[in-house]
Structures are given as structure tokens and as C-alpha cells.
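Spelled out from the first residue to the last, the chains are:
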Amino acid sequence: MLTIYSDAHHLHHGCELKDGVLMPCFEQPGRADTILARVRATGLGPVAAPGEYDSVRYARVHSPRYVRFLERAWDEWTAIGRSHDALPLIWPVRDLRGDIEPEFIDGKLGFYAMDAGVAITAGTWKAARASANVALTGMDALLAGEGSAFALCRPPGHHAAAEYMGGYCYLNNAAIAAQSCLDGGAGKVALLDVDYHHGNGGQSIFYQRDDVMFLSLHGDPKYSYPYFSGHRDETGAGAGLGFNHNYPLPHGTGWPAYGEALDHACGQIAAYAPDALVVSLGVDTFKDDPISQFRLESEDFLRLGARIAKLDLPTLFVMEGGYMVDDIGINAVNVLTGFQAGG
Ligand SMILES: NCCCNCCCCCC(O)(O)C(F)(F)F
Ligand SMILES: [Zn+2]
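Residues numbered from 1 in each chain as written. Chains lettered and ligands numbered in written order. Predicted model: local features only at pLDDT ≥ 70, side-chain atom pairs only at ≥ 80, totals over all residues. Heavy atoms only, no water.

With the rule as written, the count across this model stands at 13 salt bridges. Among the ionic pairs, Arg-154 bridges to Glu-27, the shortest N-O distance being 2.8 Å. You can see Arg-154 sitting in the loop between strand 5 (148-151) and helix 5 (173-183) and its partner Glu-27 sitting in the loop between strand 3 (21-24) and helix 1 (30-41), a full 127 residues away along the chain. When the shortest N-O distance is used, the salt bridge between Lys-108 and Glu-76 registers 3.1 Å. With Lys-108 in helix 3 (residues 105-111) and Glu-76 in helix 2 (residues 64-79), this residue pair connects regions lying 32 residues apart in the sequence. The exposure class assigned to Lys-108 is buried, which follows from its relative accessible area of 13%. In this structure Glu-76 comes out as partly exposed when scored by relative accessible area, which is 25%. Taken together, the salt bridges that share partners define one network made up of Glu-27, Arg-31 and Arg-154. (Salt bridge = Lys/Arg side-chain N within 4 Å of Asp/Glu carboxyl O. Helix = DSSP H or I, 4+ residues; strand = E, 2+ residues; numbered from the N terminus. Buried < 20%, exposed > 50% of the residue type's maximum accessible area, 1.4 Å probe, protein only.)

Now the structure itself:
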């Protein structure tokens, strides 16, 4: 399987406000380095660098003013004499105005963020667009006839929506790739999110559309981040009604229950009969993940890949989360080798 990877991810590692404490972000460079090492150690296949894409490609799923914000935020932050990481400090919640973009950077940071898990540093924009370019390059490989590809994206993307960043995500790599597949001639694409955390960004972007079916298995938002999306009753709206499927699962979920939900989701995808499948691949469902509460074993990731292979679709795997760095390479690549064996 072809892997797409960019060293540019090393330009990005900010802080995060986690559980009331400012600390180095859990989403750290060592994650992608460990996965890349495992890709090479297992001989998964060739590793290629991403191509260059115009930022108009990101604006196919994000608003132009949000993309402009990401591009300019660090300069606006440093222009007022600040040199530490940029973080939001106020958000337009409840009846506060969310329709007028503030002109001052402190206002913009909250206007375009859902939480304080998205520090902006000097290298964030370069790293985020390289990550989106990794996903676009992987999708171009599928459009050119590859049966599958692995977009080793960092930073991740599935919490980013049309006009907001959040949960370590800036550009929604998987959504950008799904849209690129449609722009490249596909009629329908399925986006399956297996990260522990609900992919609120992908859900939001495609919620009113029937040309992308969004499905997510995740920790129940009643007690898992992102808390405010991912319930079963979120089934789409307008033309998209019935094309959004959430599988909230309880703390402690292991393979039997997880595999059952995955089977049901794959049944929905098979019935939808898309031209291609994009998988938001988070492996924070691992039993030893430090910030998540499922109980998958490393061997279960082989089963996960094999089940997805049975759909027999051109498949792009897009890296999302996973924080037990010692095992992230084994777990992520197990999905890919399980897919190759199961196909
Ligand atoms: N006490 C819980 C703190 C939760 N902090 C934020 C968790 C973000 C998860 C990000 C992710 O894993 O979903 C992604 F794939 F986007 F990276
Ligand atoms: Zn996650």
C-alpha cells in the first residue's frame, strides 16, 4: 500500500489547555514518526511526499474566510508583540453573536475555534496545509487507479468544520479528500470515522448532503469529548437526511461490541454503494490510550482492517488520533495490513 507523508508536520507542536492545565499538546510529532517507522519496518509499501495544491482546494469544504484566518493568524498574533502560542480565550456561545467576524485576533481565535485544543504556532499553517496536501495526494492516487492508500496526516483533521478548528484539528483532511474524490468524478463517497472521538467536523460539513455518507463509531458524547455532537439521533438534514450515522459506544467497549457496530456501519456503506471510501483512522480506541476509554487490543486493528476490506471499495485511510505513542505504529499499520490481507 502506498503511504503519503510529509516531514513538514515537525513544524507544528503547540500547547493545549487540558483538564485546566496548560501543557504540551498530546498530539505530538513522535506520533507520525513512530507510524512512519512502522510502515518502513513492515515493508507496507512505497512512501511518497505530497504534491502542492492551491488553498482553493481546502475552501471546497472550509469557508474562504476561515482558510484566510488560518493563513494569517500567527502574523496577526505576533504583530501585537506576542511570541508564545496563540490560543482562544472567548467563544460565541449561546446568544452571543457568531455572525460577525471580529477584527481583533483575540476575537477571531474564538470565532474560528470550538475549544482550546488548537494552539497556533509559527509553523502551524505550513504543517496543516502539508497535512491536507498529504490527503489530497492520497486521493489523487485512488483517482489514478490505486486500490488503496494511506495518508499519514499530522496534524489530524476530523474535528475541523467549515468555519472552525478544534481538538488538534485545523483543516479537515478527510473531508477535503472526500470532496476531491467527488470533484474528480465520483458520484458518491462514504466517510467512515473510527477514531475514538466523534468526527463532528466531517458530520457538520456533509450533514445536508447525500453525496457523502458520514458514519462514526465513537465514545458516547454523554461522557466523552467532544460532548456536544455524535448522538444517535443526528441522522442528517435536508437532502442529507438518512446519510449520517452515529454509533456512540460506552466506556470500556471492546472488540465484540465494537465489531458489531462496525458490521452495521459497513452494511450501511454497502447499501449506499459509494464509488470510494475514506476512513478517518484514529487508533485512540486502543485499550492503553491515555485520553480515551475503549478496550481494543492491537490484534483487533487487524480485524478492523479486514472488515473494511470486505467492502471491496477504493479506500483512502487518513490518519487522525491515537496517543499511546509506543503502540501507535503497530496499531495503525495493523489496520492497513489487516485490510491488505482481508481484501
Ligand atoms: N480529558 C479529555 C480531554 C480531551 N482533549 C481533546 C481531545 C482531542 C481528540 C483529537 C482526536 O483524537 O479526535 C483527533 F483525531 F482529532 F486527533
Ligand atoms: Zn481521537
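All right, on to the sheet that holds strand 8 (residues 244-249) then. In space, the 8 strands of this open sheet follow the order 4-1-5-10-9-6-7-8, with parallel pairing throughout. The sheet is open, and its two borders are formed by strand 4 (47-48) and strand 8, each paired with just one other strand. Across 5 bridges, the pairing between strand 9 (residues 276-281) and strand 10 (residues 315-319) is parallel. Directly across from Leu-277, in strand 10, lies its bridge partner Thr-315. (Pairing = 2+ DSSP bridges.)

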